[in-house]
Amino acid sequence: MVPLFYNARSLWARRLSTGLTVLGLGLVVFVFSAVLMLANGIESALAAGGDPANAVILRKGATGELVSAVERDAVRVLATDPAVASGPDGAPLVAGELVVLVALPRDGGQAMNTTARGVGPQSFAARPEVRLVSGRAPRPGTNEVALGSALVGTSPEATLGGELRFAQQRWPVVGVFEARAGAFESELWGDASRLGSAFGRPEYSSALVRLRSAEDMDAFVRRVGEDARFTLEAKPEPRYWADQASGLATFIRVLGLFVSFVFSVGAVLGAMITMYAQVATRIAELGMLRAVGFRRRSVLASVVVESAMLGAAGGVLGALGALATRWIHIRTLNFQTFAEVSFGFTPTPGIVVGALLFGTLMGLVGGLLPALRAARLSILDALRA
Amino acid sequence: MTFGRLVWRDLLRNPLRLGLTILAGAVGVTAFIFLRTVIDLFYFGAEAAQVDRLIVRNKVSITQPLPLSYYARIAALPGVTAITHQEWFGGTLGETQKDFFANFAVDASTFLEVFPEFTAPSGQLSAFRSDPCGALIGDKLARRFGWKPGDRVTLKGQIYPGDWTFNVRGIYTGTRPGADTTLFVFSYPCLNESAQLPEAAKDQAGIYAVRVDDPARSGEVAAAIDGMFANSPYPTKTESERAFQLGFVAMSSAIVTAIRVVSTVILLIILLVIGNTLAMGVRERTRDLATLRAMGFRPGKVVLLVLAESAVIGLAAAALGVLAAPSLVNGFARLIASQFGQLPDNVMQVRTLVLSVLAALAVSLLAGAVPALRAVRLPVAEGLRKVA
């Protein structure tokens, strides 16, 4: 086995060429991991809006709250289910909610579609992850609204103490809440009846039901589906939000992986060029290695390892660059909910390991053919060169 | 030996490396064209927008409807030559969003007056207009599902619950490039007069599309429409079709920006690959280049030699990339068709191809600049002594 030290020195001896190749490989790994982190960020932003003990009730067949409708009577019936948890005051934790879209003005004349959620008295209690960070909860029966923290500052009046105007009415902002970076942080919450009358929507869009424990979920979902009094279906809240994220996350993932794949072909070719040049300029050296007794397969392994080192260096560079993006936050339209969501690049250990492996793999593949050429050299020819 | 022949010989010094470089460059050019096309896709609606068309929607948000009674009031305004209304239906073929395509309820009698970029045989058109549940579908969509006039298509309503069956009465084509032929439109009465529709949802329009006689006066007409309904329970927001479409793009601007950044990163990668190759070639040929200069070649000529080499590599890569790009775009289109619907025809624009060739040329010249300057900066005597 040729010592690794030899490879490291060889790479260092041709710094410019090595540096350019590592940079190229690093850019590819950067795009690869940034895309995965972005898709992951969307999913965790939306999926974090779910508690496994909560069920979202929608009209059967509805793909989202925006196109769903739930009658007021049905919400009362749902509250009588034995699996429903009770709040501190003994009332069942069931809330009829109304979801409408509001176009809030944004600086520069554009508008952004924002989800306005009309909530009931139990909505906050049924979602322990939602907590007010400043101000107070909107009082029932008034136009007061609370903002998700991702909305603060996105529209001129979207701050605590500001006053939003939509649907011909004024909506004072009295509180700001956080929801563990989930989708609710991109929403504004107000009273369901006030929003309902402002938008001419007598029915709820959905109902939220908190169960005593997540184990009751399967039975509850079945009971709702089979109940002849209404045509509704229940979904565990985390699954509902994961479904809402799937389209946008798939789009980004497909686009990103497609591009990373194309990029990686280019980068592998780049690594190949570099390694061919390394082999070509070191023919005499390689011949010497063979002459002092190293086997063909040792030479082969040495070149492949050298190329893998290039790739690994690119992987480290790219992964570090991608990790630096986690402080960037992005808002974009989710085609499924038709509202804007805010999310960031969310790294996982899996993505970082994947990035390093991807870089090393590109180096390995790029080094294979040059290594074969190096191993095939005959000692005499090589020494004479 | 002529100059051109000298460039040619230098290029072929290491054919394997040349081939790999061109291939790597071509991959980059293809990816560049692909991403630019994806960006164009976001702007597709805005590009196809007509200057004489206004879109009227509910001021609160696009999902809130407008009363149907606005139809006559807008139509009576001076400057308005045609008006139609449409309602996003959002039906799906199955239970899920799979096999997605856009479907609207439209006013069959006025739809083509406001959207003259769509056309169909007059027999099919009159059949569409006389059937209360008639549907008119784009030829690209028709090809996707193999639908033809006379077929019955059942959609599951997402916004309007239940199963809705429509009779395909005609297949429209675009009269100019850029017309979207992937739509499914059906007659409004089928929705509005159905017993399945709740009373509260009757006589509503999603948006109104209005044509004005003089595009220069469209701002005036828009202000007149919004002013007329400002104090009603359903105030409107009227904007040009282009502004309306750009509003959607603005909401996705973060994604568009990310794609733009990545497409620039590609150019950087091409730069690195070609620059690396040229640097290697120049380093190995230090003695040859010094010899040329000893023979009396001016430094400018030597720089030109290296730059010509890089330009050839860049152009060859661009040519290969342009050839490969269409199949890549089509592959991507097939991959996302089931979830996001088909891509319109000719999304890949000549402009994008020209841009990619120019970018490849510029990047390769830039990549050649450093090695070329390095080649002439070395004193001739030192260069002659150098062993690669």
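From a predicted model like this one, the values you see are computed outputs, not experimental measurements.

Enquirer: Break down the pairing of strand 8 (residues 187-191) of chain A for me, citing the residues and quoting the values.
Expert: All names here are of chain A. Most of strand 8 sits inside the fold, with 5 of its 5 residues counted as buried. Bridging between strand 3 (residues 111-119) and strand 8 involves 5 bridges; their strand directions are parallel. Its bridge partner lying in strand 8, T115 is registered against E187. The pairing of strand 5 (residues 145-148) with strand 8 spans 3 bridges and is antiparallel. In the strand pairing of strand 8, V145 is matched with G190.

Enquirer: Give me the lowdown on empty space enclosed by the protein, citing residues and values where you can.
Expert: Scanning the model with the defined rule gives 6 cavities of 30 Å³ or more in all. Volume-wise, the largest cavity comes out at about 150 Å³. Put simply, the parts of the chain that give the lining of the largest cavity at least two residues each are helix 1 (3-11), helix 2 (15-42), helix 11 (253-284) and helix 13 (299-340) of chain B. Looking at the lining of the largest cavity element by element, the count peaks at 4 residues for helix 11 of chain B. Here the lining of the largest cavity is composed, by residue class, of 6 nonpolar, 3 polar and 5 charged. In this model, the second largest cavity occupies a volume close to 80 Å³. Contributing to the lining of the second largest cavity are L20(A), T21(A), G24(A), L25(A), A267(A), G270(A), A271(A), T274(A), I269(B), L272(B), V273(B) and N276(B). If you list the elements that add at least two residues to the lining of the second largest cavity, you get helix 2 (15-47) and helix 7 (237-281) of chain A together with helix 11 of chain B.

Enquirer: I'd like a rundown of the interface of chain A and chain B, residues and numbers included.
Expert: If you look at the interface, chain A gives 57 residues, while chain B gives 57 residues. Of all residues in chain A, F251(A), F258(A) and I273(A) give up the largest surface area on contact with chain B, accounting jointly for 13% of the area buried on that side. Scanning the region where chain A abuts chain B turns up 0 salt bridges. For the pair chain A and chain B, the interface holds 6 residue pairs in polar contact (both at pLDDT 80 or more). Looking at the side of chain A that touches chain B, the elements with two or more residues in it are helix 2, strand 2 (94-105), strand 3, helix 7 and strand 11 (329-334) of chain A.

Enquirer: I'd like a description of the nonpolar core, backed by residues and values.
Expert: Formed by 131 residues in total, the largest nonpolar core has its most connected members in F263(A) and F34(B). Per-element accounting of this core gives the leading share, 20 residues, to helix 7 of chain A. Residues in contact with F263(A), not counting those within four places in the same chain, are V28(A), V31(A), A31(B), V262(B), V265(B), I266(B) and I269(B). Counting 22 residues, the second-largest nonpolar core is a separate cluster that includes A108(B), V114(B), F115(B) and L125(B).

Enquirer: Residue-level account of the packing of aromatic side chains, with values.
Expert: Across all of its chains, the model carries 30 aromatic pairs over all chains by this definition. Ring centres of F166(A) and W171(A) lie 4.9 Å apart, and the angle between their planes is 5°; on these two criteria the pair is classed as stacked. For the pair shown, F166(A) and W171(A) are each scored as buried. For the pair Y70(B) and F229(B), a centre-to-centre distance of 3.6 Å together with 5° between the ring planes defines the contact as stacked.

Enquirer: Please provide a residue-by-residue account of unusual backbone geometry, values included.
Expert: Residue and element names in this part refer to chain A. Residues other than glycine seldom take positive phi values, yet A167 does so here, at roughly 50°. One can find A167 in the loop between strand 6 (163-166) and strand 7 (169-178). Even without glycine at this site, Q168 takes up a positive phi of about 65°. The topology assignment puts Q168 in the loop between strand 6 and strand 7. Residue classification places Q168 among the partly exposed residues on the basis of a relative accessible area of 47%.

Cut-off values and rules
- Residues numbered from 1 in each chain as written.
- Chains lettered and ligands numbered in written order.
- Predicted model: local features only at pLDDT ≥ 70, side-chain atom pairs only at ≥ 80, totals over all residues.
- Heavy atoms only, no water.
- Buried < 20%, exposed > 50% of the residue type's maximum accessible area, 1.4 Å probe, protein only.
- Helix = DSSP H or I, 4+ residues; strand = E, 2+ residues; numbered from the N terminus.
- Pairing = 2+ DSSP bridges.
- 1 Å grid on protein atoms, 1.4 Å probe; cavity = no way out; pocket = protein on both sides within 12 Å on 5 of 7 lines; lining within 4 Å.
- Points joined across faces, edges and corners; volume = space filled by probe spheres on them.
- Nonpolar A, V, L, I, M, F, W, Y, C, P; charged D, E, K, R; others polar.
- Contact = heavy atoms within 4.5 Å.
- Buried area = accessible area lost by both parts, 1.4 Å probe.
- Salt bridge = Lys/Arg side-chain N within 4 Å of Asp/Glu carboxyl O.
- Polar contact = N/O pair within 3.5 Å; in protein donor to acceptor, adjacent residues only side chain to side chain.
- Core = buried A, V, L, I, M, F, W, Y, C linked by side-chain atoms within 4.5 Å.
- Phe/Tyr/Trp six-rings, centres within 6.5 Å; stacked < 30°, edge-to-face > 60°.

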